[in-house]
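Below, each chain spelled out in residue letters.
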Amino acid sequence: MDSSQFAEILQLKPLHEGIKNIEVKGVYIGDLLSIVMSKAKENYVWITIQTHMNIVAVAQLLDLSCIIVVEGMEVEKDTLEKAKELGIPIFSTTESAYQLALRLSDMGIK
Amino acid sequence: MKEISMHILDIATNSIDAEATLLEINIEDSKINNSLKISIKDNGKGMSEEVKIKVTDPFYTSRTSRKVGLGIPLLKENCEKCNGYLLIDSYLGMGTKISCFFERDNIDRAPLGNMGDTIMSIINYARDCELIYTYKTDAGEFLFNTKEIKKILQGADINDTSVLLWVKDYINENMLGISI
């Protein structure tokens, strides 16, 4: 599905306007980047509270489908610019990782 | 990373890949100063000004096998989260020194981790590189030098599994003796 539709269903705020098709094979929740690097897989949705530019590098390295920043954490400008440049969708929500995980589950992503 | 020792291992392997023949790892752990200082210094090929600026960029790597190189960017991010910093001192042909500082009691500071394991792994990775490791705390100082160890070994191989395992225990025991 396209990223704006994805955002609408999950009530997420897209943080840059680049639209791309999102393919979701799974979900990983984590904030320790080195662990995410070893556990998340291609086309996974990544839920985190981290906002440093390094998250974009991790998403690119693993070919993640998108990053969702939870708990309303503010994302740095350079993080967003890099994500836009590389076509990696970043969304934000004020919900917790758990609440968002429930929504993803309701969407049929197990 | 979960432990700071994992970062040390990561940076040290960079040094060895940069053809270092001498690697100096220094840890200063002080409750009195509320600081944890780490430096990793090598005599490898060093970096140009241009590369030095790029290595803190997560999208730069000297490897061709991947698009991003995260060793230094991740360590820098972790230092800064703990009100610390990371400095790079490097000249082409002269080697590189990475220094970093963490606020010791910061809640986000990762534990140092198992340095015996880390030094053992570094020795095993660095076949032609000598290693000097210093661990200093408010309670004392411990110095480990592969040159000295090799003298004691009298020709036995430091990379022999039983020797490496002894090195690991020797380091951990000595560090425990001056832990704070």
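What you see is a predicted model, and the numbers here were worked out from it, not measured in a lab.

**Q** So what exactly am I meant to see when it comes to the pairing of strand S6 (residues 140-145) of chain B here?
**A** A regular strand places its side chains so that they alternate between the two faces of the sheet. Residues and elements named next belong to chain B. Bridging between strand S5 (residues 130-137) and S6 involves 6 bridges; their strand directions are antiparallel. Bridge pairing in S6 links Thr134 to Leu143. With antiparallel pairing between neighbouring strands as the criterion, S5 and S6 make up a hairpin whose turn holds 2 residues.

**Q** In this structure, what is going on with the interface of chain A and chain B? I would like to understand it.
**A** Accessible area lost during the coming together of the parts is what is often quoted as the interface size. Taken together, the contacts link 10 residues of chain A with 11 residues of chain B. For the side of chain A that touches chain B, the secondary-structure elements that each account for two or more residues are helix H2 (33-39) and helix H3 (54-62) of chain A. Per-element accounting of the side of chain A that touches chain B gives the leading share, 4 residues, to H3(A). Looking at the side of chain A that touches chain B residue by residue, the class counts come to 6 nonpolar, 4 polar and no charged.

**Q** Just checking my understanding: could you explain the sheet that holds S5(B) for this structure?
**A** What holds strands together in a sheet is hydrogen bonding between their backbones, with the strands either parallel or antiparallel. Residues and elements named next belong to chain B. Spatial ordering of the open sheet is given by S3-S4-S2-S1-S5-S6, a layout of 6 strands whose pairing is mixed. Each edge of the sheet is formed by a strand with only one pairing partner; in this case those strands are strand S3 (85-91) and S6. Neighbouring strand axes in the sheet, compared pairwise and without regard to direction, differ in orientation by 10° on average. The strands touched by helix H1 (residues 4-17) within the sheet are strand S1 (22-30), strand S2 (35-42) and strand S4 (95-103), with S2 carrying the most contacts at an inclination of about 15°.

**Q** Could you clarify how one ought to interpret the sheet that holds strand S5 (residues 90-92) of chain A in this entry?
**A** Residues and elements named next belong to chain A. With respect to topology, 5 strands assemble into an open sheet ordered S1-S5-S4-S3-S2, the strand pairing being mixed. At either end of the open sheet lies a strand with only one pairing partner, and these are strand S1 (13-14) and strand S2 (26-29). Note that strand S3 (residues 44-48) and strand S4 (residues 66-69) share 4 bridges and pair parallel. Each bridged residue has a counterpart across the sheet, and for Val45 the counterpart in S4 is Cys66.

**Q** Got a minute to help me understand the packing of H1(B) against helix H4 (residues 115-125) of chain B in this structure?
**A** What describes two packed helices is the angle between their axes and the distance between those same axes. All names here are of chain B. For the pair H1 and H4, interaxial distance at closest approach is 10 Å and the crossing angle is 15°. Classified by the interaxial angle, the pair formed by H1 and H4 is roughly parallel. Remark: the crossing between H1 and H4 carries right-handed chirality. Contacts between H1 and H4 pair Ser5, Ile8, Leu9, Ala12, Thr13 and Ile16 from the former with Met115, Thr118, Ser121, Ile122 and Tyr125 from the latter. Tallied by class, residues from the contact of H1 with H4 come to 7 nonpolar, 4 polar and no charged.

**Q** Mind showing me how you'd approach the confidence of the model for chain B here?
**A** Keep in mind that low pLDDT regions are not for reading the predicted coordinates in detail. This prediction gives chain B a mean pLDDT of 94; 96% of its residues lie at or above 70. Among the prediction metrics, the complex's ipTM stands at 0.78, with pTM recorded as 0.88.

**Q** What am I meant to see in the nonpolar core here?
**A** All names here are of chain A. If you look at the biggest cluster of nonpolar residues, it comprises 67 residues, and the most contacted ones within it are Trp46, Ala59, Ile67, Ile68 and Ile90. Here this core gets 6 residues from one element, more than from any other, and that element is H3. With sequence-adjacent residues up to four places away left out, Ala59 is seen in contact with Trp46, Leu64, Ile67 and Ile88.

**Q** Is there a simple way to think about unusual backbone geometry in this case?
**A** Outside of glycine, negative phi angles account for most residues, and trans bonds account for most peptide bonds. Residue and element names in this part refer to chain B. Of note in the backbone geometry, Asn34 takes a positive phi value of approximately 50° without being a glycine. Even without being glycine, Gln154 reaches a positive phi, approximately 45°. Locating Gln154 in the fold gives a position in the loop between helix H5 (146-153) and helix H6 (161-177). The class for Gln154 is exposed, based on 6 C-beta atoms found within 10 Å.

**Q** How should I be thinking about H3(A) in this particular structure?
**A** Each α-helix turn comprises 3.6 residues. Residues three or four places apart therefore point the same way. Most of H3(A) is tucked away: 7 of the 9 residues are buried. Residues of H3(A) that are buried: A:Asn54, A:Ile55, A:Val56, A:Ala57, A:Val58, A:Ala59 and A:Leu62. If you follow the buried residues of H3(A), they end up packed against H2, S3, S4 and helix H4 (77-86) of chain A together with helix H3 (71-81) of chain B. Following H3(A) by one or two positions, A:Asp63 adopts a phi angle in the positive range, close to 55°.

**Q** Any chance you could explain the pairing of S2(B) here in plain terms?
**A** All names here are of chain B. By the bridge criterion, 8 bridges tie S1 to S2 in an arrangement that is antiparallel. For Leu23, the partnering residue across the bridge sits in S2 and is Asp42. Where S1 hands over to S2, the hairpin turn is made up of 4 residues, of which Asn34 adopts a positive phi near 50°. Bridging between S2 and S4 involves 8 bridges; their strand directions are antiparallel. Its bridge partner lying in S4, Ile38 is registered against Cys100.

Cut-offs and rules
Residues numbered from 1 in each chain as written. Chains lettered and ligands numbered in written order. Predicted model: local features only at pLDDT ≥ 70, side-chain atom pairs only at ≥ 80, totals over all residues. Pairing = 2+ DSSP bridges. Helix = DSSP H or I, 4+ residues; strand = E, 2+ residues; numbered from the N terminus. Contact = placed C-beta atoms within 7 Å. Nonpolar A, V, L, I, M, F, W, Y, C, P; charged D, E, K, R; others polar. Axes fitted to C-alpha atoms, helices over the stretch in contact; angles between N-to-C directions. Parallel < 35°, antiparallel > 145°, perpendicular 65-115°, else oblique. Left-handed = near helix turned anticlockwise from the far one by under 90°. pLDDT = per-residue confidence, 0-100. Core = buried A, V, L, I, M, F, W, Y, C linked by C-beta atoms within 7 Å. Buried ≥ 20, exposed ≤ 12 C-beta atoms within 10 Å, placed from the backbone.

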